[in-house]
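Tertiary structure, described
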Amino acid sequence: MSEVAQRVSTASGSSTWLLNSAFTVVLYGTWEFLAKVATVRGLTASQEALVNKLGFFVGMPLIMAPSSPPSSSTAGVPSPSSPSLISAPKDALLASFLSGFAAAFASLFQSRARVSGDASAVSALCASYPPITLLLCAVFLKEKVTRNKLLGMLFTVIGAAFFAKK
């Protein structure tokens with residue numbers, strides 16, 4: 001592969017994760033807003049979390065519909081449309097299941113926080129989890145912690161503190 005083709009390939013891979021991340025930020029912001037609307041209009045935190053998850057389980061199969069184009073495999077990672085979930089490594093399945101379990105509890109606690117707090121402050125504080133992810137990945141997955149990541153972690157914590165302060 002030529003140097004130019006390699007750069008284009010790398011750049012398109014970079015833009016793919018960046019674009020997906022941007023969509024995630026917009027959708028999480030919308031999710032937080034709509035969840036606050038639900039509690040302001042009368043749902044309890046537990047009711048909101050339950051209905052929220054129902055929306056998730058209705059939406060996910062629609063998003064993952066077989067008519068959608070399959071995504072390509074990268075770095076040996078099977079695409080989401082891969083039919084071999086049953087043959088997937090058991091520790092990967094357990095990690096994914098526990099991730100969902102943790103997300104369910106986090107969602108409930110976030111709903112409880114949102115009921116009594118400003119949505120912007122709750123959202124900022126709850127979205128400041130990357131430092132936890134960074135530390136866990138560094139310890140258990142041996143991911144490299146760079147100076148930029150440490151600065152980002154610091155700015156994340158400082159930013160959340162500014163949002164949370166009255």
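Scroll up a little and you will see the structure.
Residues numbered from 1 in each chain as written. Predicted model: local features only at pLDDT ≥ 70, side-chain atom pairs only at ≥ 80, totals over all residues. Heavy atoms only, no water.

Thoughts on helix H4 (residues 119-126)
If you check which residues of H4 are buried, you get Ala121, Val122 and Ala124. Down the axis of H4, the buried set is contained in an arc of 165 degrees. They therefore lie on one face. (Buried < 20%, exposed > 50% of the residue type's maximum accessible area, 1.4 Å probe, protein only. Helix = DSSP H or I, 4+ residues; strand = E, 2+ residues; numbered from the N terminus. Arc of directions from axis to C-beta.)

Some words on the packing of helix H2 (residues 45-63) against helix H3 (residues 90-116)
In the contact formed by H2 and H3, the axes pass within 8 Å of each other and the chain directions differ by 135 degrees. Our classification of the angle between H2 and H3 gives oblique. Once H2 is placed against H3, the crossing between them reads as right-handed. Contact residues: H2 offers Ala45, Ser46, Glu48, Ala49 and Lys53, while H3 offers Ala104, Ser107, Leu108, Ser111, Arg112, Arg114 and Val115. When its residues are assigned to classes, the contact of H2 with H3 shows five nonpolar, three polar and four charged. (Axes fitted to C-alpha atoms, helices over the stretch in contact; angles between N-to-C directions. Parallel < 35°, antiparallel > 145°, perpendicular 65-115°, else oblique. Left-handed = near helix turned anticlockwise from the far one by under 90°. Contact = heavy atoms within 4.5 Å. Nonpolar A, V, L, I, M, F, W, Y, C, P; charged D, E, K, R; others polar.)

Examining a nonpolar patch on the surface
On the surface, a cluster of nonpolar side chains totalling about 800 Å² of accessible area is made up of Tyr28, Tyr129, Ile132, Leu136, Val139, Phe140 and Leu141. If one sorts the elements of the nonpolar patch by residue count, helix H5 (residues 130-140) sits on top with four residues. Mapped onto the elements, Ile132 comes out in helix H5. Ile132 sits in the exposed class, given a relative accessible area of 51%. (Patch = residues over 30% accessible without salt bridge, like charges linked within 9 Å, V, L, I, M, F, W, Y side chains within 5 Å. Areas by Shrake-Rupley, 256 points an atom, 1.4 Å probe, with all protein chains shown as cover. Salt bridge = Lys/Arg side-chain N within 4 Å of Asp/Glu carboxyl O.)

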